[in-house]
Amino acid sequence: MNVHSFQQYKQESHHISMVTCYDHWSAQILGESDIDCLLVGDSLAVVMHGFDSTVHATIEMMEMHVAAVARGAPRKFIIADMPFLSCSKGLAPAMEAVQKLMQAGAHAVKIEGASHQLPLIKQIVEAGVPVMGHLGLTPQSIHNMGGHKVQGKKQSDAEKLANEATALETAGCFSLVLECIPTNLGRQISESLTIPTIGIGAGPFTNGQVLVLQDLLGANPTFTPKFLRRYANTYETILSGVNHFHRDVVSHCYPCAKESYK
Ligand code: KIV
């Protein structure tokens, strides 16, 4: 897949699958999978570093994780999040952040929000870097939104989001993430754009779906948003695996003769 495949997939009604990936270990597995593209999301601040929000992601963190993923999955299309405020301190610092992510191995950057980002998005696209938009629940603005809430429920908010989606397409975004919005709005925006939408909690009518890898694999049993479907029980698998190892060690069952050098 490359940046042009996104448009082509939409024209062919081929839904795009995207998952987050933050490290070399999982990138090696995802590199062999059928998943279309990988997102080094700023959610890594929460999932990998234990912070309470993506506000804590820095460009240094993002750069290091992008490089690890790029080494693990060299044939996948990799999108990297522009972290908190990296787009709001002027053109030069923003372009430096883009340069760091692209030189670390990303093939595109993702930017949250629309209205205040449009001139910057145009500049980045003109500089030759593909940009993915992100509307709806934009976690970097969590303090402004008053928590993780479904966005665009009111008619006026829905209209604003639909207009912003069109503005992002006009600014040159090659695709758009829609997070936590009502199904009807996800459908309306997806049908009105020529670029593909990729949904998370945005219903079944977007042109693709994205989930956080650890969430879809069931690594965190306490995270239970309505949109999440679990495809594995990684929490149980890891817990029982390491407990089995522990039992074998304390009962002197590991290592056995076959696992030892003569
Ligand atoms: O950072 C992230 O994981 C994201 C996805 C939820 C779309 O932006």
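First things first, this report covers the structure right here in the doc. None of the values given here were measured: they were computed from a predicted structure.

Some remarks on the overall build of the protein
A count of helices and strands for the protein gives 11 helices and 8 strands. Relative to the compact-globule value of 18 Å for 262 residues, the protein shows a C-alpha radius of gyration of 20 Å, a close match. For the protein, the spread of C-alpha atoms along the three principal axes comes to 70 × 40 × 35 Å. Out of the 262 residues belonging to the protein, those deemed buried represent 48%. Contacts in the protein between residues at least 24 apart in sequence constitute 56% of all its contacts with a sequence separation of at least 6. A total of about 13,800 Å² of accessible surface is found on the protein, and carbon and sulfur atoms cover 55% of it.

What about the site of the ligand?
Around the ligand, a shell composed of Thr20, Leu39, Gly41, Asp42, Ser43, Asp81, Lys110, His134, Val177, Glu179, Ile200 and Val212 is seen. For the ligand, an oxygen atom lies 3.0 Å from a polar atom in the side chain of Asp42. Here an oxygen atom of the ligand and a side-chain polar atom of Asp81 are 3.1 Å apart. Against a free-state accessible area of 260 Å², the protein chains account for coverage of 96% of the ligand.

A word on the side chain of Thr20
The residue Thr20 is located in strand E1 (residues 16-20) in this model. Looking at Thr20, its side chain comes within polar contact range of the main-chain nitrogen of Leu213, at 2.9 Å. In this view, Thr20 contacts Leu30, Leu39, Ser43, Leu211, Val212, Leu213 and Gln214; residues no more than four positions away in its chain are not counted.

Remarks on the environment of Glu32
Along the chain, Glu32 turns up in the loop between helix H2 (24-31) and strand E2 (37-40). By relative accessible area, which is 62% here, Glu32 ends up exposed. Along the chain, Glu32 and Lys100 lie 68 residues apart, while their C-alpha atoms are 26 Å from each other.

What about the packing of H2 against helix H4 (residues 59-72)?
Packing of H2 against H4 brings their axes to within 7 Å, and their N-to-C directions diverge by 35°. Regarding H2 and H4, the two cross each other, and that crossing is right-handed. Along the contact surface, H2 presents His24, Ala27 and Gln28, while H4 presents Ala68, Val69, Arg71 and Gly72.

Conventions we followed
Residues numbered from 1 in each chain as written. Predicted model: local features only at pLDDT ≥ 70, side-chain atom pairs only at ≥ 80, totals over all residues. Heavy atoms only, no water. Helix = DSSP H or I, 4+ residues; strand = E, 2+ residues; numbered from the N terminus. Rg over C-alpha atoms; globule rule 2.2 N^0.38 Å. Buried < 20%, exposed > 50% of the residue type's maximum accessible area, 1.4 Å probe, protein only. Contact = heavy atoms within 4.5 Å. Areas by Shrake-Rupley, 256 points an atom, 1.4 Å probe, with all protein chains shown as cover. Near = heavy atom within 4 Å. Polar contact = N/O pair within 3.5 Å; in protein donor to acceptor, adjacent residues only side chain to side chain. Axes fitted to C-alpha atoms, helices over the stretch in contact; angles between N-to-C directions. Left-handed = near helix turned anticlockwise from the far one by under 90°.

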